[in-house]
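Structural overview
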Amino acid sequence: MAVDTAPAPATSLVDPAQGRLPRWATWAFLAGGVVAAFLLLLVLGNPTVAGVVGLGAVLYAVGATVASFVVEGRRRAVDRLATTLVTGAFLLALIPLVSLVLLVVTRGMTSFSWTFLTTDMVGIFGDMTEGGIAHAIVGTLLITFAAAVISVPIGLLTAIYLVEYGRGPLARAITFLVDVMTGIPSIVAGLFGFAVFTLALGPAFRAGIMGAVALSLLMTPVVIRSVEEMLRLVPNELREASYALGVPKWLTIVKVVLRTAAAGIVTGVMLAVARIIGETAPLLLTVGLVTQMNTSLFEGRMATLPVFAFRQYEQGGTGIDRAWAAALTLILIVMLLNLLARLISRWFAPKGAR
Amino acid sequence: MALTTTPRRSGTSPDGEQVDAGAAVRAASTGRVGSRVFAGLSTGAGVLILLTLAAVAVFLVIRAWPALTASSEELGDISWFNGDSVAEYVGPLIFGTLLASVLALLIAVPVSVGIALFISHYAPRRLAQSLGYLIDLLAAIPSVVYGLWGALWLLGVVDPFFEWLSGALGFIPLFADYQAPAKNILSASIVLAVMILPIITAVSREVFLQTPRLHEEASLALGATRWEMVRQAVLPFGRSGVISASMLGLGRALGETMAVLMVISPGFLYSFHLLQPGQHQTIAANIASKFPEASGLSVSALIATGLALFVITFAVNFVARWIIARRAEFSGAN
């Protein structure tokens, strides 16, 4: 239907008499654009890498389009311009990714060491360069683990309900609200965790479990979504074969459906963990920061990597180096979880399922 | 609903009730009890989700209530409070939140649609999947790292550009009065744009890939160039998908805390001076910066602003999901 509504081009086919730019023209224009940009900036003042690349890209787009317009006609010129812009959008998105990774690695390496990973911040003040993040790593792992313990059973059961039992308005409402729940701002989740515990236990109460509850609010919808997707991939023939053998429904779900989808479920849970392990705002509101190790989830403030990185950045000075090193540690953990998740799904994927 | 399907299931199981052999009866009855317990558990979990969502609203309202009902003198005792009521206080914050998010959306949507098109229709087919994964990596980076990146790298990079913009177009109020560390709302929006790029790209890409092959081939067969094919077949098909993806991105940008907190220099004005620092602040960043030191009524006031943020994001996400759900029901692709 979309094709019908398009306006008929004036010349319905590209005129065969019109010329085509040779294949190497793209590269020639690209090189020309960059060289011209360099010379232009050299004349105007000092050429920087960013300036040359940026101006070169613009000059290339203009030059190639004009040349194409002259040689190949309007339609091919527009097509060429669109290709340039679409490719440019992709390359543009790589700038933050590459610069961020480079920056975190190079700046993070200055303080990153075994001692940094295994000491805490007791007795560190002023411009001292010592100190480490052992307490923050432990805090992050404990709180994330507690959040997973809360969200995984609830998420798993809800996903089972949606796939195996849910029909009618209740299931539709849950599906819809789970989607809406994915969009809850993390700071609101933090306020929720704070409000629940301070209403029950007094305004001064602080403990890791507050942060865990806040994070589980963010994690549960992600778990539900990914588990649901995995359960839907389980072929119906398996369920029917199980029913035909007289196996009750719940045993079918536990022994057949969940068993088949196990790898996918583990992958989904790990990706959900990777998503919330870097959350800062909810922990800033609920758990705060301390300088020494606290291994109890139910008593007192705890240190976590994201909050630690933020506070060190705020402090400035040598704190900036620690912030980068903590960021590097955090990214390494997240990437490790992502990698593990993908490897698990590749190794343990049910054979012949797709 | 679940409870009505369960008995039917055990009813169709090989007639357990009529067989007298004890083992068969026991097997059937444990099956029935087990099924009922399991159905109850999973339904309970589903209902728990609904209750949690309601609880978020209820608890926020309870905690915000003292501030919502307090007199202007009581509120005036809070050192950082300006205005006579919570509504007056939150007004500039809502303005700043919306402005930052809309700017982020204006930057992110064209780029995201370009990336989605590149991955779905332009990149070599063998590379497409790994290129998509590369963009998804942006979503895995923690927000505090984006904050560091924005505050310690991006501000320096955009500085000459803003300088030029303010010099060349400074007569337009939008670009007037740039000051050197670029801790203004436009920088914050650029960081936000990078953060919401992956979700908009992912959803748009999925929709573009669903374009019926016949539409594309028909267009190409009529002699269309690749761009004409995209404009005639892919974009009309994906329009509603891109709209809902943008709404999801908007929801994400509205609630993002750390990037704004670490980049922007705060102010509480209704101002369109995008390049001037000290003009804007968002709700989320304001809560994060004031909450750790707050106590008593000021906590309530901050939670009241959080309630406003919750309502706004809930509405945006609600509409976005509604558009997606409606599309799934009526689109010819499914």
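Computed from a predicted model, the values in this text were never measured in an experiment.

Thresholds, definitions, all that
Residues numbered from 1 in each chain as written. Chains lettered and ligands numbered in written order. Predicted model: local features only at pLDDT ≥ 70, side-chain atom pairs only at ≥ 80, totals over all residues. Helix = DSSP H or I, 4+ residues; strand = E, 2+ residues; numbered from the N terminus. Rg over C-alpha atoms; globule rule 2.2 N^0.38 Å. Buried ≥ 20, exposed ≤ 12 C-beta atoms within 10 Å, placed from the backbone. Contact = placed C-beta atoms within 7 Å. Nonpolar A, V, L, I, M, F, W, Y, C, P; charged D, E, K, R; others polar. Domains from an automatic or database assignment. Axes fitted to C-alpha atoms, helices over the stretch in contact; angles between N-to-C directions. Parallel < 35°, antiparallel > 145°, perpendicular 65-115°, else oblique. Left-handed = near helix turned anticlockwise from the far one by under 90°. Core = buried A, V, L, I, M, F, W, Y, C linked by C-beta atoms within 7 Å. Expected span 1.5 Å × (residues − 1). Bend = angle between axes of the 7 residues up to and from the residue. pLDDT = per-residue confidence, 0-100.

Quick look at the overall build of chain A
- Within chain A one finds 14 helices and 0 strands.
- Reading the secondary structure of chain A in the N-to-C direction produces α-α-α-α-α-α-α-α-α-α-α-α-α-α.
- Its C-alpha atoms give chain A a radius of gyration of 28 Å, more than 25% over the compact-globule value 20 Å for 354 residues.
- Referenced to the eigenvectors of the C-alpha coordinate spread, the extents of chain A come out at roughly 80 × 70 × 40 Å.
- Within the span of chain A, comprising 354 residues, buried residues form 45% of the whole.
- Partitioning the contacts of chain A with sequence separation of at least 6, the portion at a separation of at least 24 is 71%.

A short note on the overall build of chain B
- Per the secondary structure count, chain B includes 12 helices and 0 strands.
- The secondary structure elements of chain B, listed N-terminal to C-terminal, are α-α-α-α-α-α-α-α-α-α-α-α.
- For chain B, restricting intrachain contacts to residue pairs at least 6 apart in sequence, the fraction spanning at least 24 positions comes to 79%.

Some points on the interface of chain B and chain A
- Residue-level contacts link 83 residues of chain B with 82 residues of chain A.
- With 20 residues, the top contributor of residues to the side of chain B that touches chain A is helix H2 (residues 22–69) of chain B.
- Residues that form the side of chain B that touches chain A fall into these classes: 55 nonpolar, 23 polar and 5 charged.

Some words on the domain arrangement of chain B
Residue and element names in this part refer to chain B.
- As assigned here, chain B comprises domain 1 (2–68) and domain 2 (70–330).
- Taken residue by residue, the interface counts 7 residues in domain 1 and 10 residues in domain 2.
- In terms of residue class, the side of domain 1 that touches domain 2 is made up of 6 nonpolar, no polar and 1 charged.

Things to note about the domain arrangement of chain A
All names here are of chain A.
- Here chain A is described as being made up of domain 1 (17–109) and domain 2 (134–347).
- At the interface, 4 residues of domain 1 touch 5 residues of domain 2.
- In terms of residue class, the side of domain 1 that touches domain 2 is built from 2 nonpolar, 1 polar and 1 charged.

Here's the deal with the packing of helix H4 (residues 86–122) of chain B against helix H9 (residues 226–255) of chain B
All names here are of chain B.
- The interhelical angle for the contact between H4 and H9, taken along N-to-C directions, is 140°, at an axis separation of 9 Å. The pairing of H4 with H9 is recorded here as oblique in orientation. Handedness of the H4/H9 crossing: right-handed. Contacts between H4 and H9 involve Thr 97, Ser 101, Ala 104, Leu 105, Ala 108, Val 109, Val 113, Leu 117 and His 121 from the former and Val 230, Val 234, Val 242, Ser 246, Gly 249, Leu 250, Ala 253 and Leu 254 from the latter.
- For the contact of H4 with H9, the residue count by class is 12 nonpolar, 5 polar and no charged.

Let's talk about the packing of helix H11 (residues 249–276) of chain A against helix H14 (residues 318–347) of chain A
Residue and element names in this part refer to chain A.
- Packing of H11 against H14 brings their axes to within 8 Å, and their N-to-C directions diverge by 170°. Taken together, the axes of H11 and H14 lie roughly antiparallel to each other. Residues Ala 263, Gly 264, Val 266, Thr 267, Met 270, Leu 271, Val 273 and Ala 274 of H11 form the contact with H14, whose participating residues are Val 334, Leu 337, Asn 338, Leu 340, Ala 341, Ile 344 and Ser 345.
- Partitioned by chemical class, the residues of the contact of H11 with H14 number 11 nonpolar, 4 polar and no charged.

A short note on helix H13 (residues 305–315) of chain A
- In terms of residue burial, H13(A) counts as a mostly covered element, since 9 of its 11 residues are buried.
- Positive phi shows up at Gly316(A), right after H13(A), with a value of about 75°.

What about the nonpolar core?
- Counting residues in hydrophobic clusters, the biggest one holds 197 residues, and the most contacted among them are Phe192(A), Ala309(A) and Ala327(A).
- Counting residues per element, this core draws most heavily on H4(B), which supplies 17 residues.
- The residues contacting Phe192(A), other than those within four sequence positions of it, are Ala214(A), Leu217(A), Val56(B), Phe59(B) and Leu60(B).

So, H4(B)
- In a regular helix each residue adds 1.5 Å, so 37 residues correspond to 54 Å; H4(B) covers 51 Å between its end C-alpha atoms and thus fits that length.
- Of all the bends found along H4(B), the most pronounced is centred on Ala108(B) and spans about 30°, while Pro110(B), a proline, follows it within four residues.

Things to note about the environment of Val256(A)
All names here are of chain A.
- Checked against the element boundaries, Val 256 lands in helix H11.
- Of the residues examined, Val 256 has 17 C-beta atoms within 10 Å and is grouped as partly exposed.
- Separated by 14 residues in sequence, Val 256 and Ser 242 place their C-alpha atoms 7.6 Å apart.
- When sequence neighbours within four positions are dropped, the list of residues in contact with Val 256 reads Leu 238, Arg 239 and Ser 242.

Quick notes on the environment of Ala202(B)
- With respect to the element layout, Ala202(B) can be found in helix H7 (residues 185–209).
- For Ala202(B) and Tyr133(B), which are 69 residues apart along the polypeptide, the C-alpha to C-alpha distance reads 9.7 Å.

Brief notes about the environment of Leu156(A)
- Examined against the element boundaries, Leu156(A) turns out to sit in helix H6 (residues 134–165).
- Each C-alpha atom of the pair Leu156(A) and Gln315(A) lies 42 Å from the other, and the pair is 159 residues apart in sequence.

Thoughts on the confidence of the model for chain B
All names here are of chain B.
- In this model, chain B carries an average pLDDT of 81, and 88% of its residues clear a pLDDT of 70 or more.
- Counted against residues more than four places away or in other chains, residues 1–25, with its pLDDT under 50, gives 32 contacts.
- Across the interfaces of the predicted complex, the ipTM metric reaches 0.83, alongside a pTM of 0.83.

Side note on the confidence of the model for chain A
Residues and elements named next belong to chain A.
- Averaged over chain A, the pLDDT score is 83; the fraction of residues at 70 or greater is 93%.
- Contacts of residues 1–6 to residues separated by more than four positions or lying in other chains number 11 contacts, the stretch itself having pLDDT below 50.
- Throughout residues 8–13 the model reports pLDDT below 50, and contacts reaching past four residues in sequence, or to other chains, amount to 3 contacts.

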